[in-house]
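# Observations on the three-dimensional arrangement
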Amino acid sequence: MNIFAKSTVTCAVSFATAIMATHAAAATEITVATVNNGHMIEMQKLTPEFEKAHPDIKVKWVTLEEGVLRQNVTQDIANKSGLYDVMTIGMYEAPIWAERDWLQAIDVSGDYDVEDILPSIRGGLSYKDTLYAAPFYGESSMVMYRKDLVKNAGMEINDRDSWDHIGDVAAAVHDPSNGVYGMCLRGKAGWGDNMAFMSTMANSFGARWFDEDWKPQLESAEWKSAVNFYVDLLNKYGPPGASSNSFNENLALFNEGKCGMWIDATIAASFVTDPKQSKVADQVGFAQSPYKVTEKGANWLWAWSLAIPAATKNADAAQTFIRWATSKEYIELVGNKNGWAAVPTGTRTSTYENPKFQEAAVFADAELKAINSANPADSTLKPSPYVGVQFAAIPEFQAIGTTTGQMVSGALAGSMTVDQALKSANTSADRQMRQAGYY
């Protein structure tokens, strides 16, 4: 090869390299903060599909345990640090942060089909009729149980059983010598951990977080009755170390066949009925959550959702990613790739109308029934001034719920009595509400 030809080839290679470098440099990197739940992990695995369709966007993931995620994203958005371009938040944060101008509205134009999102989920993620977080999956709570164990014990579980009956079933199927515990429930401290469950249980006992004058009601007879029942139930029929267990820990126990019953998020249904994950997949039954004196607020309403902080410098790319991850097309991608029982649910009407999903998901009807039965605007027997089923949608609740969760977890672990736990929690809540100027 002569010098001129060699020089020409070198220049061409250099030019091509420069073009590639320019394209690489032009790619926008977005950082997505999310929770370490199964559906979120699957979304990360499918990221190459998104990047292939959008070569100008690269996705960096920060995956955190639920409590840590809440702390990190709250601190980041309040300080306007801009560490994250997409945040995973829920129905508690979305309207509060939107009111403070901390979030950008979700782009619902074109073929996104926002009207397909379930009304209760869409409403909970909106502020002044504008969507500020797009639901990735939605959930309520329900009873998941081992049909074989319940039948062998000569018992039955039905929709909206009484808590007393559920306690009797837990006693009947409890067999710790064979590694089976009658009841698995959240015990780990946190307003989104043990208090998500405990609040719904307390609601059904007739309790409420605040009275109509915003005064905390944690020392009421209803709260004491509910927490005493909960502590007694888990101490008698729960697994060892229940005060350390939240969703993921109980999911692992159930899938190993160690839980006779588990009352938790409906989203777990796709995991416990998956034979690849669950040893008891073919023996799982479902029922609507139990109650004591009222069905109001007996099961929660939540949606893990994707939102864009106002401080992001990559809003367009963040919008593109969110529209992809929360679209009907994404659900179809998961269904075709992993099976229709594995799709993220609780968000779109079209999912429940899809024959493929109906055939694959034995839990579909029970899940949708639970979601539709939850009413955040009317979740307590006595009048209350707040919106929310398992939380009160006020900025102060995060701290109040966290402290209460710590106290209830302490009572479950035996480090204090239920009365002591609720007295301490009520005192702390009262102080915070006074400081915030509620009364």
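Residues numbered from 1 in each chain as written. Predicted model: local features only at pLDDT ≥ 70, side-chain atom pairs only at ≥ 80, totals over all residues. Heavy atoms only, no water.

This paragraph deals with the packing of helix H9 (residues 194–204) against helix H10 (residues 221–237). Here H9 crosses H10 at 125°, and the two axes come no closer than 9 Å. Classed by the angle they form, the pair H9 and H10 counts as oblique. Handedness of the crossing formed by H9 with H10: right-handed. Contacts from Asn 194, Met 195, Phe 197, Met 198, Ser 199, Met 201 and Ala 202 of H9 reach H10 at Trp 223, Ala 226, Val 227, Phe 229 and Tyr 230. (Axes fitted to C-alpha atoms, helices over the stretch in contact; angles between N-to-C directions. Helix = DSSP H or I, 4+ residues; strand = E, 2+ residues; numbered from the N terminus. Parallel < 35°, antiparallel > 145°, perpendicular 65-115°, else oblique. Left-handed = near helix turned anticlockwise from the far one by under 90°. Contact = heavy atoms within 4.5 Å.)

Once that is clear, we can look at the environment of Gly 241. Summarising the element assignment, Gly 241 is placed in the loop between H10 and helix H11 (247–255). Look at Gly 241 and you get partly exposed, because its relative accessible area is 46%. The sequence separation of Gly 241 and Asp 161 amounts to 80 residues, and the corresponding C-alpha distance is 27 Å. (Buried < 20%, exposed > 50% of the residue type's maximum accessible area, 1.4 Å probe, protein only.)

Pairing is antiparallel in the open sheet, where three strands are placed in the order E9-E8-E10. Every interior strand has two partners, whereas the edge strands, strand E9 (261–265) and strand E10 (284–288), have only one. Along the sheet, successive strands turn relative to each other by an average axial angle of 30°, direction set aside. Contacts from helix H17 (residues 364–373) reach strand E8 (141–146) and E10 within the one sheet, and its direction differs from that of E10 by about 20°. (Pairing = 2+ DSSP bridges.)

Looking now at the pairing of strand E3 (residues 86–89). Of the two faces of E3, the one lined by Val 86 and Thr 88 and the one lined by Met 87 and Ile 89 are each fully buried. Of the strand pairs in this sheet, strand E1 (residues 28–35) and E3 are connected by two bridges, and their pairing is parallel. Note on E3: the bridge partner recorded for Val 32 is Val 86. Two strands pair when backbone bridges link them, and E3 and strand E11 (residues 302–309) are joined in this way by three bridges, in the antiparallel orientation. Paired with Met 87 across the strands is Ala 307, a residue of E11.

Let's shift gears to the state of the cysteines. Scanning the model with the defined rule gives one disulfide in all. Cys 184 shares a disulfide with Cys 259; S-S distance 2.1 Å. Here the S-S torsion is close to -85°, and the disulfide linking Cys 184 with Cys 259 is therefore left-handed. On the criterion of sequence distance, the pair formed by Cys 184 in the loop between helix H8 (163–173) and H9 and Cys 259 in the loop between H11 and E9 is long-range, its members being 75 residues apart. Exposure remark for Cys 184: the relative accessible area of 0% places this residue in the buried category. (Disulfide = S-S within 2.5 Å.)

Below, the discussion takes up empty space enclosed by the protein. Across all of its chains, the model carries two cavities of 30 Å³ or more by this definition. Empty space within the largest cavity amounts to approximately 150 Å³. In this structure, the largest cavity is lined by 17 residues; those nearest its centre are Glu 66, Glu 139, Arg 186, Gly 192 and Trp 302. Elements with a minimum of two residues in the lining of the largest cavity: helix H4 (66–79), strand E7 (134–139) and E11. The residue makeup of the lining of the largest cavity, split by class, is ten nonpolar, three polar and four charged. Its volume calculated, the second largest cavity comes out at about 30 Å³. Together, Ser 141, Trp 163, Phe 197, Thr 200, Met 201, Ile 263, Ser 289 and Ala 298 line the second largest cavity. No other element matches H9, which puts three residues into the lining of the second largest cavity. Taken together, the residues of the lining of the second largest cavity break down into five nonpolar, three polar and no charged. (1 Å grid on protein atoms, 1.4 Å probe; cavity = no way out; pocket = protein on both sides within 12 Å on 5 of 7 lines; lining within 4 Å. Points joined across faces, edges and corners; volume = space filled by probe spheres on them. Nonpolar A, V, L, I, M, F, W, Y, C, P; charged D, E, K, R; others polar.)

In this section: the layout of surface pockets. Taken as a whole, the largest pocket spans an internal volume of roughly 470 Å³. Every residue lining the largest pocket is counted, 20 residues in all, and those nearest its centre are Glu 42, Asp 274, Gln 277, Asn 338 and Ala 342. Those elements that place two or more of their residues in the lining of the largest pocket are helix H2 (38–45) and helix H12 (269–272). Of the residues forming the lining of the largest pocket, the biggest block, five residues, is contributed by H2.

Core analysis: the biggest nonpolar cluster contains 139 residues, and Met 43, Trp 223, Tyr 230 and Phe 321 have the highest contact counts within it. In terms of residue count, H10 provides more of this core than any other element does, eight residues in total. Beyond its immediate chain neighbours, meaning those up to four positions away, Tyr 230 contacts Leu 185, Arg 186, Gly 187, Asn 194, Phe 197, Met 198, Met 201, Val 408 and Leu 412. (Core = buried A, V, L, I, M, F, W, Y, C linked by side-chain atoms within 4.5 Å.)

Looking now at unusual backbone geometry. With a phi close to 60°, Asp 113 is a non-glycine residue in the positive phi region. Considering the arrangement of structural elements, one finds Asp 113 in the loop between strand E4 (103–104) and helix H6 (119–124). We note that Trp 214 has phi near 70°; this positive angle belongs to a residue other than glycine. Here Trp 214 is to be found in the loop between H9 and H10.

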